[in-house]
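The primary structure of each chain is shown beneath.
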Amino acid sequence: MDTFALIVTIAVALFFTYTNGFHDSANAIATSVSTRALTPRAALAMAAVMNLAGAFLGSGVAKTVSEGLIETPDGGLGMGILFAALFGAIVWNLVTWYFGLPSSSSHALFGGLVGAALAGGTTVLWNGVVDKIILPMFLSPVVGIVVGYLVMTAIMWIFRRANPHKAKRGFRIAQTVSAAGMALGHGLQDAQKTMGVVVMALVISGHETYGDPIPVWVKIVCALMLSLGTYAGGWRIMRTLGRKIIELDPPQGFAAETTGAAIMFTTAFLFKAPISTTHVITSAIMGVGATKRVNAVRWGVAKNIVLGWFITMPAAALVAAAAFGLVKLTVL
C-alpha cells in the first residue's frame, strides 16, 4: 500500500506538471505569437524544448518547495497530504484555464500544500511561506511593471531615430531569443516546483533523505511532462495575455519577454524563490503598455487578472483541504 501510494502521488504530481505546462505555455509565447514573430506551432515547439532545458539549470527552487514551506509529514498521512495538495492545485489550474484566466499554477500548488497541511495537522512553516511565497507574490508584479516600463522607455529612446519598419522587423527576430529566454526561465522555475513535491514524496516513503541530490530520473520526468503540457498549448490564456491586455508590437513584446526572463533567472539563482511566471510576464506587459499611454492598457482585464492572483492560494487551499477530508474518510 505504501508503494502504491507513492506511485499514485508521483503520477498526480506529474499530471499537475502537465497542466502547469499547458496552463502556462502562454507565458512564454503569447507575446511572440501576438506580434507574429513566431507561428503558434513553432512557438510551442520552441517553448517545449527550452522548458526541458531550463529544468536542468538548478535545484534551489526545488529545495525551497520540498523543505521550506511545510514540515515533512510521515507515512500514509503524508502521502494523503501531498495528494490533496496536488489535487487542489490541479482543480484550480483547470478552472482558470477553462475561463482563460492567467492565474498562477505555482501559487495554486503552494496554496494546495498549505491547505492540505493545515487540514492534516502538519506544521506550516509560515516564515518560509511569507518570505519565499507571499512577499515575492506582491513584489514580483511591481518589479515587473517598473522594469518593463523602464526597458521599453530605454528601447524607445535608443531607437528613436530608427526606421520604424526596419526596427519592427529586427525586433521580430530578437523576439525569438527573448521568447526562448522566457521559456528557459519557465522551465527553471516551474519544473523544479514539481521536483520539490516528488522529492518530498520520496522522503516520506523512505527512498530519499533531504540533502541528497535530486535523482536524475525525477528531473527528466518532470521536465518531460512540463514540455509535453507546453506543447499541448494554452490557447485561451494566450488570447488574454497577447491581445486583451494591450495590442503589442514587436519592440513591446521583446521588452516584456526580456523583463520577465531577467526576473525569473534572478529570483531562481539569487534568492531561490519560486515566483510565478504568470505574475511576472503579465505585469511586464502592463508596464510596457503604459509607455504608450496609461489608458492603452485595458485595466479592466488587468483588474480581473490581479483578482485571480489574490484568490488563487486560498481557493486552492480550500479545495486541497476538502480533498484531504475525502482522502481521510476513504483511505487513511
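Residues numbered from 1 in each chain as written. Predicted model: local features only at pLDDT ≥ 70, side-chain atom pairs only at ≥ 80, totals over all residues. Heavy atoms only, no water.

- Per an unreviewed UniProt entry, the protein is named Inorganic phosphate transporter, and its organism is Streptomyces brasiliensis.
- Listed in UniProt under the heading Subcellular location (unreviewed entry), the comment for the protein reads: "Membrane". (UniProt positions renumbered as here; feature names shortened; annotations may be inferred.)

**A word on the UniProt feature "transmembrane region" (unreviewed entry) in the protein**
Then, in step 1: Here, the residues flagged by UniProt with the feature "transmembrane region" (unreviewed entry) are residues 44–65, 77–100, 106–126, 138–159, 216–235 and 306–327.
Then, in step 2: Counting secondary structure, residues 44–65 comes out at 77% helix and 0% strand; the distance between its end C-alpha atoms is 27 Å.
Then, in step 3: Here residues 77–100 is 92% helix and 0% strand, with 35 Å between the C-alpha atoms at its ends. (Helix = DSSP H or I, 4+ residues; strand = E, 2+ residues; numbered from the N terminus.)

**Section: the packing of helix H2 (residues 40–54) against helix H8 (residues 216–232)**
Then, in step 1: Viewed as axis vectors pointing N to C, H2 and H8 meet at an angle of 170 degrees, and their least axial separation amounts to 8 Å. In terms of orientation, H2 lies roughly antiparallel with respect to H8. Here H2 contributes Arg 41, Leu 44, Ala 45, Ala 47, Ala 48, Asn 51 and Leu 52 to the contact with H8, which in turn contributes Ala 223, Leu 224, Leu 226, Ser 227, Thr 230 and Tyr 231.
Then, in step 2: Split into classes, the residues belonging to the contact of H2 with H8 amount to nine nonpolar, three polar and one charged. (Axes fitted to C-alpha atoms, helices over the stretch in contact; angles between N-to-C directions. Parallel < 35°, antiparallel > 145°, perpendicular 65-115°, else oblique. Contact = heavy atoms within 4.5 Å. Nonpolar A, V, L, I, M, F, W, Y, C, P; charged D, E, K, R; others polar.)

**Structural notes on the nonpolar core**
Then, in step 1: Among the nonpolar cores identified, the biggest contains 52 residues, and Leu 113 and Met 195 are the most heavily contacted of them.
Then, in step 2: Residue assignment for this core shows that the elements contributing at least two residues are helix H1 (2–34), helix H3 (60–67), helix H4 (75–98), helix H5 (105–119), helix H6 (126–158), helix H7 (164–205), H8 and helix H12 (299–330).
Then, in step 3: The element that contributes the greatest number of residues to this core is H7, accounting for 10 residues.
Then, in step 4: In this structure, Leu 113 is in contact with Val 65, Leu 69, Ile 70, Leu 82 and Ala 85, ignoring residues within four places of it in sequence. (Core = buried A, V, L, I, M, F, W, Y, C linked by side-chain atoms within 4.5 Å. Buried < 20%, exposed > 50% of the residue type's maximum accessible area, 1.4 Å probe, protein only.)

**Section: unusual backbone geometry**
Keep in mind that most residues, glycine aside, have a negative phi and that most peptide bonds are trans.
Then, in step 1: A positive phi angle is found at Lys 272, which is not glycine, with a value near 55 degrees.
Then, in step 2: Structurally, Lys 272 is set in the loop between helix H10 (250–271) and helix H11 (277–290).
Then, in step 3: A relative accessible area of 38% means that Lys 272 is categorised as partly exposed.

**Structural notes on a nonpolar patch on the surface**
Then, in step 1: On the surface, Val 142, Ile 145, Val 146, Tyr 149 and Leu 150 cluster together into a nonpolar patch covering about 430 Å² of accessible area.
Then, in step 2: With respect to the helices and strands, the residue Leu 150 is situated in helix H6. (Patch = residues over 30% accessible without salt bridge, like charges linked within 9 Å, V, L, I, M, F, W, Y side chains within 5 Å. Areas by Shrake-Rupley, 256 points an atom, 1.4 Å probe, with all protein chains shown as cover. Salt bridge = Lys/Arg side-chain N within 4 Å of Asp/Glu carboxyl O.)

**As for the side chain of His 186**
Then, in step 1: Topologically, His 186 is positioned in helix H7.
Then, in step 2: Not counting residues up to four positions away in its chain, the partners in contact with His 186 are Asn 20, Asp 24, Asn 51, Ala 191, Leu 226, Met 264 and Thr 277.

**Let's talk about the pattern of salt bridges**
Then, in step 1: For the structure on display, the rule yields two salt bridges.
Then, in step 2: Between Lys 63 and Glu 67 there is a salt bridge, with its nearest N and O atoms 3.2 Å apart. Placement of both Lys 63 and Glu 67 in helix H3 is noted, with a separation of four residues, approximately one turn of the helix.
Then, in step 3: The salt bridge partner of Lys 193 is Asp 190, with a shortest N-O separation of 2.9 Å. With Lys 193 and Asp 190 both in helix H7 and three residues apart, the pair spans about one turn of that helix.

**Quick look at the packing of aromatic side chains**
Then, in step 1: Enumeration over the complete set of coordinates arrives at six aromatic pairs.
Then, in step 2: Measuring from ring centre to ring centre gives 6.5 Å for Phe 83 and Phe 87, while their planes differ by 20 degrees; the resulting arrangement is stacked. With a gap of four residues between them, Phe 83 and Phe 87 both fall in helix H4, about one helical turn apart.
Then, in step 3: For Phe 83, a relative accessible area of 25% translates into the label partly exposed.
Then, in step 4: You can call Phe 87 partly exposed: its relative accessible area is 38%. (Phe/Tyr/Trp six-rings, centres within 6.5 Å; stacked < 30°, edge-to-face > 60°.)

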